[in-house]
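Analysis of the macromolecular model
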Amino acid sequence: DDDQDDSLLTRSDLTQISPPAFPSTYEPMLEYPGTMRPGRTPENMPYHDLPNLGINDPDPVPWPHFQEIEWHHRWDPPHPQALAMEEFIEVQGRWASVEEEAEMRMGMRRGVRERRETEELAGKGGGASGASGAQQMVIMDDEEEEDGGGENDG
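Residues numbered from 1 in each chain as written. Predicted model: local features only at pLDDT ≥ 70, side-chain atom pairs only at ≥ 80, totals over all residues. Heavy atoms only, no water.

Quick word on the overall build of the protein
We count it as follows: Helix numbering and strand numbering both begin at the N terminus, where a helix is a DSSP run of H or I of at least 4 residues and a strand a DSSP run of E of at least 2. A 1.4 Å probe rolled over the protein chains alone gives each residue an accessible area, and that area as a share of the maximum for its type sets the label: buried under 20%, exposed over 50%, partly exposed in between. In this analysis, two residues are considered to be in contact whenever any of their non-hydrogen atoms come within 4.5 Å of each other. What sets the accessible areas is the Shrake-Rupley method with a 1.4 Å probe; for residues, cover comes only from the shown protein chains.
A tally of regular secondary structure across the protein gives six helices and zero strands. N-terminal to C-terminal, the α/β element order of the protein is α-α-α-α-α-α. Expressed as a percentage of its 154 residues, the buried residues of the protein come to 2%. Considering only residue pairs separated by 6 or more positions, the protein has 4% of its internal contacts joining residues 24 or more positions apart. For the protein, the exposed surface amounts to about 15,100 Å²; the carbon and sulfur share of it is 53%.

A closer look at helix α3 (residues 85-92)
Taking burial as the measure, the eight residues of α3 include zero buried ones, a minor fraction of the element. G93 lies just past α3 and shows a positive phi near 70°.

So, the pattern of salt bridges
This is how the line gets drawn: When a carboxyl oxygen of Asp or Glu is within 4 Å of a side-chain nitrogen of Lys or Arg, the pair counts as a salt bridge.
If you walk through the whole model with that rule in mind, you get one salt bridge. Where E101 meets R105, a salt bridge forms, and the shortest distance between an N and an O atom there is 3.8 Å. Of this pair, E101 and R105 both sit in helix α4 (residues 98-124), four residues apart, roughly one helical turn. Taking the relative accessible area as the measure of exposure, E101 reaches 34% and is therefore partly exposed.

A closer look at a nonpolar patch on the surface
As a reminder, the rule being used: In this analysis, a patch consists of residues with relative accessible area above 30% that form no salt bridge, clustered at 9 Å for like charges and at 5 Å for the nonpolar side chains Val, Leu, Ile, Met, Phe, Trp and Tyr.
Where nonpolar side chains cluster on the molecular surface, the patch consists of L83, M85, F88 and V91 and spans about 430 Å² of accessible area. Examined against the element boundaries, M85 turns out to sit in helix α3.

Quick look at the confidence of the model for the protein
Residues shown with low pLDDT carry predicted positions that ought not to be read at fine detail. Note the following rule: Every residue is assigned a pLDDT by the predictor, reflecting its confidence on a scale from 0 to 100.
With 64% of its residues at a pLDDT of 70 or more, the protein has an overall mean of 75. Low confidence marks residues 127-132, where pLDDT is under 50. Its contacts with residues over four positions away, or in another chain, come to two contacts.

Some points on a negative patch on the surface
Where we set the bar: Charged residues are defined here as Lys and Arg on the positive side and Asp and Glu on the negative side; His and the ends of the chain fall outside this count. A single reference atom marks each charge: NZ on Lys, CZ on Arg, CG on Asp, CD on Glu.
There is a patch of like negative charges on the surface, built from E114, E117, E119 and E120. Of note, E117 is situated in helix α4. Judged by relative accessible area, which is 42%, E117 ranks as partly exposed.

Below you can see the structure in the form of structure tokens.
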């Protein structure tokens, strides 16, 4: 029996483990349904006693207690509106001219044509390399730099 008495918690043990959730002055209004009934004690501080409520105060908002905002209140934006994508590209100077676009298209077509020609050559003369699989191809993207395509570089 003595072992069972040692394992039981006393009231002081319970208050140390789990302090009371409500203050000792809390007296619930039993007329309200539900589990979180309001108390009968008055509020901590009446509205007229809250700070920063004078007419001449710089910001007459009873912050951090609460604030009332009219339905038509318009907030200032937190940051300036972002640029449209077209404006951003223009500011960065990244628009390609008509000549640059034509040159890019010609480069793409040239690359497609060269790839097709190498595939055709690999298919026709496919002797030893055709038996072991497709021929390995090295694609060099810096061809324009070697050809002097970087004329616009500073």
